[in-house]
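Examination of the molecular architecture
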Amino acid sequence: MDSKKYDLIVVGTGFASSFFLKKYLEKCKENVKVLVLERGRLYSHMDRLASLRGKSPSYQSDLESHENAVINKNPSKPWVFDVNFGGSSNCWWACTPRLMPNDFQVNSLYGKGQDWPISYNEIESYYCEAEDIMGISGPDVTPFPKSKKYPLPSHILSTVDKKMQAKYGQNWISQPTGRASAAFGKRNACCSSYTCSVCPVDAKFTIENGLKYLYEDPRVELVYGKQVIKLETENNIVKAVVCIATGTNDLSKTQKFEGEVVALGANAIFNAHILLNSGDSNPLTGAGICDQRGFFANMNIDMDNVGGSSALTANGYMQYDGDFRKESASCLIENHNAPMIRNEKGKWRKLARFKFVFEEIPNNDNRIKAGENLLKPVIEYGGHSSYIDAGKKRVVAKMNEIFSPLPVEEIFVDDYYQDTEFHVLSSVRMGTSKENSVVDKSMIHHQFRNLFVLGGSAFPSVSASNPSLTISALSLKSANENF
Amino acid sequence: MTNRRNFIKLSIAATALAPVAYLGYQAMLPFQKTIQNILIKDLAGLKVKSEDIDKFAAQAAQENPWGFSGSKVKFISFYNSIHNQWLPLPFKYKYEQYRADIVGRFLLSTDFFINKMNESKDITYIGIIYSPYKTPCSNPFSAAYYPS
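Now for a look at the structure at hand. Quick caveat, the model's predicted, so the values are computed rather than measured. (Residues numbered from 1 in each chain as written. Chains lettered and ligands numbered in written order. Predicted model: local features only at pLDDT ≥ 70, side-chain atom pairs only at ≥ 80, totals over all residues. Heavy atoms only, no water.)

1. What about the interface of chain A and chain B?
Many authors give the size of an interface as the accessible area that is lost as the parts come together. Each partner contributes residues to the interface: chain A has 30 residues there, and chain B has 28 residues. Between chain A and chain B lies a buried interface of about 2400 Å² when both sides are counted; carbon and sulfur atoms form 64% of it. For the chain A face of the interface with chain B, the top three residues by lost area are A:Ile341, A:Asn343 and A:Trp348, together amounting to 25%. Along the contact surface separating chain A from chain B lie one salt bridge. The residue B:Glu119 makes a salt bridge to A:Lys345 at a minimum N-O spacing of 2.7 Å. Applying the counting rule to chain A against chain B returns 12 residue pairs in polar contact (both at pLDDT 80 or more). (Contact = heavy atoms within 4.5 Å. Buried area = accessible area lost by both parts, 1.4 Å probe. Salt bridge = Lys/Arg side-chain N within 4 Å of Asp/Glu carboxyl O. Polar contact = N/O pair within 3.5 Å; in protein donor to acceptor, adjacent residues only side chain to side chain.)

Structure, rendered in structure tokens:
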């Protein structure tokens, strides 16, 4: 086995790791040694674009798929992620609403789920910082309090949004987004392609176009193709990180790297799995894995739906917060500006498409487990909660009322949920003690005090808002408070 | 007499099976033909050149810009053969969505939306099937085309 020692070892290069690393490098000394272990490789934006244009890079067939990385006991529920440099920033749609203040107190206010050990006010300045780093486009007026303007102007509302906003005001806003409304850094302005998983014009924030320079810092050593298996611990201190070359199965060929401090920034499946492989005996480790759920509704309307300047033009908060959350899930509405048509002469663009995304309460029966194969986590997921179904029922019943500002002719509500919202969350939750959580409010493991467990795995409850901005803000906060 | 009975039985069987055979034939049509049939019918009121429809259908059947699976292609072709306005068939809305996807992709690949949906103007296929990866920033409903 190789043996090296670092001041900090970071696992992963996605949002959680990169924002943590950014703050750490700002605050630490010039002579620190940082090791970053990345499971995948640099699958660049240029190569992704080329692949979509029919010219795949030579290494395409070697890329690891998310399906093969896990043992999913419930294939009807896919868990989607990108294992390469930059993680899910490669495939996200760059929707960056903040959580609302009440999302941090769902148990105190509504008797559901678990409160966060931090308040909205404690994370607010880090939201601002993350938004500045990502170059978020957003409006001046939002339903959540903000102490600073967004760095880029908001995207232009569509004709449909303008009617909705006229009635709902700050509860119908131009979506805050990492899809730039104007050229920003290396990024171009978004032009509503509606293929954001790989943006044709590189308009959305990614780790590659926004924070790749961190990994070129002389203090940082980035190693690709290393799957972290477990941590070696001694007297409740993490001593080393054990990994293997990605794609190999020979466990006699592991590598070990020693570190003073370790930060796990993998997703909620692998953070939990690494801890379980390391002997973490907290019964909550791995428990609660979940995702939001969402469904679409299409509408025929007696007006042309045009003029929006981004892929998702707006967020609606009319069904987001209220006493109804004691019984049914909160819902965030998205206006999807897809270039789709209504197939009727003279009415080609007289339609609208909305998505309704629901919060979830983590259920401890849905779990990540360590199986016989040390390299593949087992995912046991029985399904989403009835709280979500109650939320859908509430929203569907109010559909005509919600969209009363529009000249609606007919509404077609999907009778099914989308398979995934692509948000893997809540398997290593944060809280006030090891009895109710695995990590503390600084994202430090309750038992292993030199171990940070970053990312969406720490979410104690799952709001209807997209999580990546909050993941990034939490990492900034954690590094700022501890270094 | 026996021959006559057999003839009648065969005739009845043939009559009963004819629609089934027809539907089977329709479902087995090349997807290109299904695309052509849909576009000809749904764009009847627009000034579209038949050769443009033929060219698009040939290209689209090969490139499959919708990413339709094989079973979805068969479903669309079969449904197209039995579909009509007043028959309450299952999956009708799903089929109509796919159908709108086909018509929409064709119109997005023409100058129709660039001309602000002017139905009195001739419509020309631009020769490239609409894709943001081939022609970025060409969403014709966006702010770039409808500045406020």
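2. Some points on the nonpolar core
Side chains that are nonpolar tend, in soluble globular proteins, to be buried together. Counting residues in each nonpolar core, the largest one holds 98 residues, and the members touching the most others are A:Phe19, A:Val34, A:Leu37, A:Leu231, A:Ile269 and A:Leu451. When neighbours within four sequence positions are excluded, A:Ile269 is seen to be in contact with A:Val70, A:Trp79, A:Phe81, A:Ile289, A:Ile368, A:Pro377, A:Ile379 and A:Val424. If you look at the next biggest cluster of nonpolar residues, it comprises 35 residues, including B:Ile38, B:Leu39, B:Val48 and B:Phe113. (Core = buried A, V, L, I, M, F, W, Y, C linked by side-chain atoms within 4.5 Å. Buried < 20%, exposed > 50% of the residue type's maximum accessible area, 1.4 Å probe, protein only.)

3. A closer look at the pairing of strand β14 (residues 377-380) of chain A
All names here are of chain A. Note: strand β3 (residues 71-72) against β14, two bridges, orientation parallel. For Ile71, the partnering residue across the bridge sits in β14 and is Val378. Judged from the four bridges that link them, strand β13 (residues 367-370) and β14 form a sheet pairing that is antiparallel. When the sheet's bridge partners are listed, Ile368 is paired in β14 with Ile379. Connecting β13 to the next strand, β14, in antiparallel fashion are six residues. (Pairing = 2+ DSSP bridges. Helix = DSSP H or I, 4+ residues; strand = E, 2+ residues; numbered from the N terminus.)

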